[in-house]
Amino acid sequence: MNRLLNKIVLISGGARGMGAEEARLFISEGAKVVIGDLRVEEGQQLAQRLGNNAEFVKLDVTKQENWEATIALCEKKFGHINVLVNNAGINNYAMFEEYTQDQLKQVLDVNLFGKFNGMKAVTQSMKASGGGSIVNISSVAGITGYPFIPGYCASKWAVRGMSKSVALELGRYNIRVNSVHPGQIKTSMTDGGEDMKTEHIAMKCVGEPIDVAYGVLFLASDESKFITGTELIIDGGETAGQANWGNT
């Protein structure tokens with residue numbers, strides 16, 4: 001308990017799935033959490049359930065001015081921000097020959113530029129607080145390739161590289177930047193994981209949102225104060241190699 005005592009945390013895409021799980025866990029660990037999302041009703045209900053240490057704000061991560069207004073609200077409500085979890089993300093599917101520039105732009109706007117906007121907006125607040133931790137949620141699709149999601153893979157690889165670049169610049173201000181790469185996790189984006197194949201995963205199962213939340217908690221906390229510019233893979237061994245050994 002109290003691994004994030006008195007820390008001010010902003011989570012984008014926090015109304016459901018992994019973001020909501022992170023919000024619940026972080027508050028249980030002593031943080032004050034601002035939940036940013038376009039899902040207003042879900043976000044408000046979650047903040048209400050979490051109590052006085054939670055606040056919801058409508059956040060469109062593709063709009064820089066929306067981020068700046070969100071940061072101002074965070075500071076007015078709780079104080080300078082210590083942790084940003086850049087969690088918001090989308091996906092779309094098509095065979096490459098049918099995939100359009102509009103589909104690519106749609107994914108990049110949220111998954112890449114949304115995180116860029118968040119980091120730009122939060123830097124001054126973190127500098128004022130003496131440092132902080134930025135956790136960019138990427139994916140195993142930022143570690144290896146997958147078919148039918150070229151935009152998603154492009155965005156998640158880009159998040160990984162951008163995190164390293166920004167970490168090199170912000171380290172002097174005691175601001176750490178890392179990326180997290182979840183594998184197959186039961187969320188609304190994956191329809192609860194019912195159709196996920198697991199024979200190639202070392203642990204033969206899909207993960208739960210709490211599995212990712214605990215990894216993000218570590219990077220958000222002072223326990224990881226000397227870790228920056230790296231990636232944390234949370235995938236049950238999926239990217240370690242093929243674990244499909246049949247019945248052996």
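Please refer to the structure higher up on the page.
This write-up is about the structure you can find in this document. (Residues numbered from 1 in each chain as written. Predicted model: local features only at pLDDT ≥ 70, side-chain atom pairs only at ≥ 80, totals over all residues. Heavy atoms only, no water.)

## With respect to the overall build of the chain
To be explicit about the condition: Counting from the N terminus, the helices are DSSP H or I runs at least four residues long and the strands are E runs at least two residues long. We compute the radius of gyration over the C-alpha atoms and compare it with the globule rule, which gives 2.2 Å times the number of residues raised to the power 0.38. The buried label applies to any residue whose accessible area, calculated with a 1.4 Å probe on protein chains only, is under 20% of its type's maximum; exposed applies above 50%, and partly exposed to all values in between. In what follows, a contact means two residues having at least one pair of non-hydrogen atoms within 4.5 Å. Neither His nor the chain ends is counted toward charge; the positive residues are Lys and Arg and the negative residues Asp and Glu. All charge positions are set by atom: Lys at NZ, Arg at CZ, Asp at CG, Glu at CD.
When you go through the chain residue by residue, the secondary structure sums to 6 helices and 7 strands. Taken from the N to the C terminus, the helices and strands of the chain come in the order β-α-β-α-β-α-β-α-β-α-β-α-β. On C-alpha atoms alone, the chain measures out to a radius of gyration of 17 Å, which is about the 18 Å that the 2.2 N^0.38 rule sets for 248 residues. Reported as C-alpha extents along the three principal axes, the dimensions of the chain are approximately 55 × 40 × 40 Å. Per-residue burial for the chain yields a buried fraction of 51% across its 248 residues. Long-range pairs, those at least 24 residues apart, make up 67% of the contacts in the chain between residues at least 6 apart in sequence. Looking at charge distribution, the chain has the averaged site of its 24 positive side-chain charges lying 7 Å from that of its 27 negative ones.

## A short note on the sheet that holds strand β5 (residues 132–137)
Here is the rule: At least two DSSP bridges between two strands are needed for those strands to be called paired. Only C-alpha atoms enter the line fits that serve as axes; for helices the fit covers just the stretch in contact. Angles between N-to-C directions range over 0 to 180 degrees.
Pairing is parallel across the open sheet formed by 7 strands, whose spatial order is β3-β2-β1-β4-β5-β6-β7. Edge strands, defined here as strands with exactly one partner in the open sheet, are β3 (54–58) and β7 (231–234). Taking each pair of neighbouring strands and ignoring which way they run, the sheet shows an average axis angle of 20°. As defined by bridge partners, strand β6 (residues 175–182) adjoins β7 across 4 bridges and the pair is classed as parallel. Pairing of histidine 181 across the sheet is with isoleucine 233, part of β7. Against the sheet, helix α3 (residues 64–77) engages β1 (8–12), β2 (32–37), β3 and β4 (83–86), with an angle of about 160° to β3. On the sheet, helix α5 (residues 150–170) packs against β5, β6 and β7 and is oriented at approximately 165° with respect to β6.

## With respect to the packing of aromatic side chains
Just so we agree on the cut-off: By convention, a stacked pair of Phe, Tyr or Trp rings (six-membered ring in the case of Trp) has centres within 6.5 Å and planes under 30 degrees apart, an edge-to-face pair has planes over 60 apart, and any other such pair is tilted. Either the NZ atom of lysine or the CZ atom of arginine qualifies as a charge over a ring when it sits within 6 Å of the ring centre and within 35 degrees of the ring normal.
Applying the stated criterion across every chain, the model contains 0 aromatic pairs. In this structure, lysine 127 is placed above the aromatic ring of tyrosine 173, and the distance from its NZ or CZ to the ring centre is 4.2 Å.

## Side note on the pattern of salt bridges
Which entries qualify depends on this criterion: For this analysis, a salt bridge means a side-chain nitrogen from Lys or Arg found within 4 Å of a carboxyl oxygen belonging to Asp or Glu.
Taken as a whole and judged by the stated rule, the model has 11 salt bridges. For the salt bridge of arginine 3 with glutamate 223, the shortest nitrogen-to-oxygen distance reads 2.7 Å. One end of the pair, arginine 3, is in the segment before β1; the other, glutamate 223, is in the loop between α6 (209–220) and β7, and 220 residues separate them in sequence. Of the charged contacts in the structure, one is a salt bridge between lysine 105 and aspartate 109, with a shortest N-O distance of 2.8 Å. Of the two residues, lysine 105 and aspartate 109 are both situated in helix α4 (residues 101–128); the distance of 4 residues between them amounts to about one turn of the helix. A cluster of three or more residues bridged by salt bridges with shared partners is formed by Arg160, Lys164 and Glu231.

Read these as spatial facts, not as claims about activity.
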